[in-house]
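# Structural overview for review
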Amino acid sequence: MASTTSNSGLRARLFAVVATALIIFTTLGALAYLVSGAFGSMILSADRMDDTRALSAAKAAVRALQKQLAGTVRDNAIWDDAYRKIMSPEAVDWATETWASTTADYPLYDTAMVINPDGKPLLAYHLGTALADPDDFYLGQLKDVLQAARRPDPTHEHLPVAFINTREGVALVGAAAIQPSATDPKMNLAQLKVLVFSKQITPTVVSEVSHTFNIDGLALAPSAGTDGTLHADVDDITGREIAHLTWPAVKPGTASYLRVRPVVVGSGVALILLLTAIAAIGVAAFKAVRREERASDHKAHHDALTGLLNRAGCLQQLGHMLSRNPHALASLHILDLDGFKAVNDTWGHPVGDELIQSVASRLVDKLPSDALIARLGGDEFAVISQAASSHLPSSSVPERIQQVVSTPFTLGGRVIEIGGSVGTAAGGNEGIDAAELLRRADLALYRAKDQGRGISVEYDPSLDDEARRSAELEQELRTGLARGDIRAVFQPLIDASTREVCGVEALARWTSPSRRTVSPEVFIRVAEKAGLIDQLGFEILKTAAREAAQWPDIGVSVNISPLQLRNPYLALQVQSILAEANFDPGRLTIEVTEGVLISNPEQAKRAMQALRNLGIKIALDDFGCGYASIGALREFGFDRMKIDRSLILAVDRDASGGAVLQATIALASALNLPVTAEGIETEHQAAIVKLSGCDELQGYLFGKPVTAKEITALYFAPNSSAAVREGARYAAQPI
């Protein structure tokens, strides 16, 4: 009985031990299974996430290449000058110089072709060398690209850009019909020449894409590769796969597991500790990822140079602020530095970067601590303030910003003085979003910059109306240029001694169908902002050269904008226009304003010298109303000075006006510059400027700007009288 009880107790204890062991092993096994399953899921998820990221990056790389080439094709094909030149007899020479010669070392394309409507090439170059048989080079696949290029595309936003097989491998090809920038629905695209650019996808190109988009081991291959690789399809214009971008799957999760597997295998007896270690590693990895995410987010929303918020960060913070309180009295102030470009040009970009950092540091130090400060890019900053929390009222923030940037900076022993223009927009009860507030502040900034340096402007709804009117006027001007509504009129230039006409000045005039006569001061400024000034200026020059060819022995003056002097082909284009009109360059005077003395002076001097090499004279217009110095007059070496009419009017209004006028003319004489007096309206003014030393007169006293036909009738018709020829409405009189 006792033995039976003892055995029963032993069995019970054994059962308990076995049960406990089973429970422990079962628990540990289940725990190991769950942990390993979770670990395996993490590995798989990490691998898949990295694969998805790499695939998205590869597709983005393909789209970026296509977008880049599409932009290059669009800029070169949808171009008025290109259309005009390619339809002219000099098409081959012009296209060779503009496109073909650049294929040798241009990074955006290495093959350039112009295809005639009959499918035959006008020219075809690859790596700086002419292509004998373009169709053979593209393996007969070019016709689909050409067919797509001639499809109607009014917006020019869907240019055909795709990959194509060539004799040298896969290339990215894009094409567009060469046409004017203004869309003409009646234009038959089938009759236009097509511009084709292509870029071979060489190992170097693939390597650059790999580096840019962080895809290690990227390669271009004919097949999709093995199971261990990922790929993105490379399609031709018809959507057919012709190659693949392949790269090895990184599998960061698997790599991490392989590193810890020996520890897992060798620590079977210490499973709990191992699981704890794995958990600790997981926690550490999670924290590392979180740190990387925070670092990446910081980089995406902060400026690398200054450490301030960038544009994206500024909009994000402003959006958060407005979303939390849609009616918050938040103000956005945008600062644009005045004179920063001169710092870069004078001392270089390193000093410019140091100045940007100093401005950022000073804004942070001097503005209220609760203000958010951002660098939007370049020399543009943003300050976000809230009236409810800021130590300064919103109206005082622009003033404080002006004070901050106007105080001189000392950098490396240099004392640098700059300023700033500020545009301000305030949120309020309208519930506007961050993008709208930024747009309004931008409008205010544009107004501030238009009014001069060191100006602060707060947004007003009238700025929207002004922006709309400006956009409408720009569109009307584009249409007017396309229709030929801009006309040239001519004002006579009179020899001060003989009172005979010795030249004319060509002036632009525009009568808008909806606005009637538009002042040149208005539409020329619009043309400069819209990038139309070259087209406008060359149209006036063409008309002037064509009309003046029939007026022998007199000079012709034409005004050009300082912006036109930035055109590296200005002299060549002027030469072409004069040659087409059979006009002697020695009869032409180009008039420039004092703006060229401060706006890219070195570039302006090069352009002026190129014009002088053609025999063209350069005159300084409107002298006396700006900031020209004696040193600048000597440095630029003008051929003539034109005195601004304000100095002429001062003769009648101010007792010292005559002395100022005489001193100005004496300065010109000392520099051996002949002088033209503008704005002569009375015989008294004419007498004074002649006695002061002016050799050429211009003004309403001798004639208003008139058409070419009227100039011919007044001065060059066989029946025009000597009196008319010598002064339009006034007979020759000694002064």
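Described below are features of the structure shown in this document.

Cut-off values and rules
- Residues numbered from 1 in each chain as written.
- Predicted model: local features only at pLDDT ≥ 70, side-chain atom pairs only at ≥ 80, totals over all residues.
- Heavy atoms only, no water.
- Helix = DSSP H or I, 4+ residues; strand = E, 2+ residues; numbered from the N terminus.
- Buried < 20%, exposed > 50% of the residue type's maximum accessible area, 1.4 Å probe, protein only.
- Contact = heavy atoms within 4.5 Å.
- Pairing = 2+ DSSP bridges.
- Axes fitted to C-alpha atoms, helices over the stretch in contact; angles between N-to-C directions.
- Parallel < 35°, antiparallel > 145°, perpendicular 65-115°, else oblique.
- Left-handed = near helix turned anticlockwise from the far one by under 90°.
- Nonpolar A, V, L, I, M, F, W, Y, C, P; charged D, E, K, R; others polar.

### So, the overall build of the protein chain
If you tally the helices and strands in the protein chain, you get 24 helices and 25 strands. The proportion of buried residues among the 735 residues of the protein chain is 42%. A sequence separation of at least 24 residues applies to 65% of the contacts in the protein chain between residues at least 6 apart.

### Section: the sheet that holds strand 9 (residues 241–248)
Consider a sheet: its strands pair through backbone hydrogen bonds, and that pairing is either parallel or antiparallel. Spatial ordering of the open sheet is given by 7-9-8, a layout of three strands whose pairing is antiparallel. The open sheet is flanked by strand 7 (219–221) and strand 8 (229–235), the only strands paired with a single partner. Averaged over all adjacent pairs, the angle separating strand axes in this sheet is 35°, with direction ignored. Where strand 7 lies against strand 9, three bridges are found, and the strand directions are antiparallel. The partner of alanine 221 across the bridge, within strand 9, is histidine 244.

### Looking at the packing of helix 11 (residues 349–366) against helix 12 (residues 397–406)
Two numbers describe how helix 11 lies on helix 12: the axes approach to 10 Å, and their chain directions differ by 135°. One way to sum up the angle between helix 11 and helix 12 is to call them oblique. Handedness of the helix 11/helix 12 crossing: right-handed. Residues Val359, Arg362, Leu363 and Lys366 of helix 11 form the contact with helix 12, whose participating residues are Arg400, Ile401, Val404 and Val405. When its residues are assigned to classes, the contact of helix 11 with helix 12 shows five nonpolar, no polar and three charged.

### Description of unusual backbone geometry
A positive phi angle, near 55°, is found at asparagine 214, a position not held by glycine. Within the secondary structure, asparagine 214 sits in the loop between helix 6 (203–212) and strand 7. The phi dihedral of asparagine 582 is positive, around 55°, even though this residue is not glycine. Along the chain, asparagine 582 turns up in the loop between helix 17 (570–580) and strand 21 (588–592).

### Thoughts on the sheet that holds strand 11 (residues 372–377)
Read from one edge to the other, the open sheet built from five strands follows the order 11-12-10-15-16, with strand pairing classed as mixed. Across the chains shown, the open sheet's two edge strands, defined by having one partner strand only, are strand 11 and strand 16 (456–458). The average undirected angle you get between the axes of adjacent strands in this sheet is 20°.

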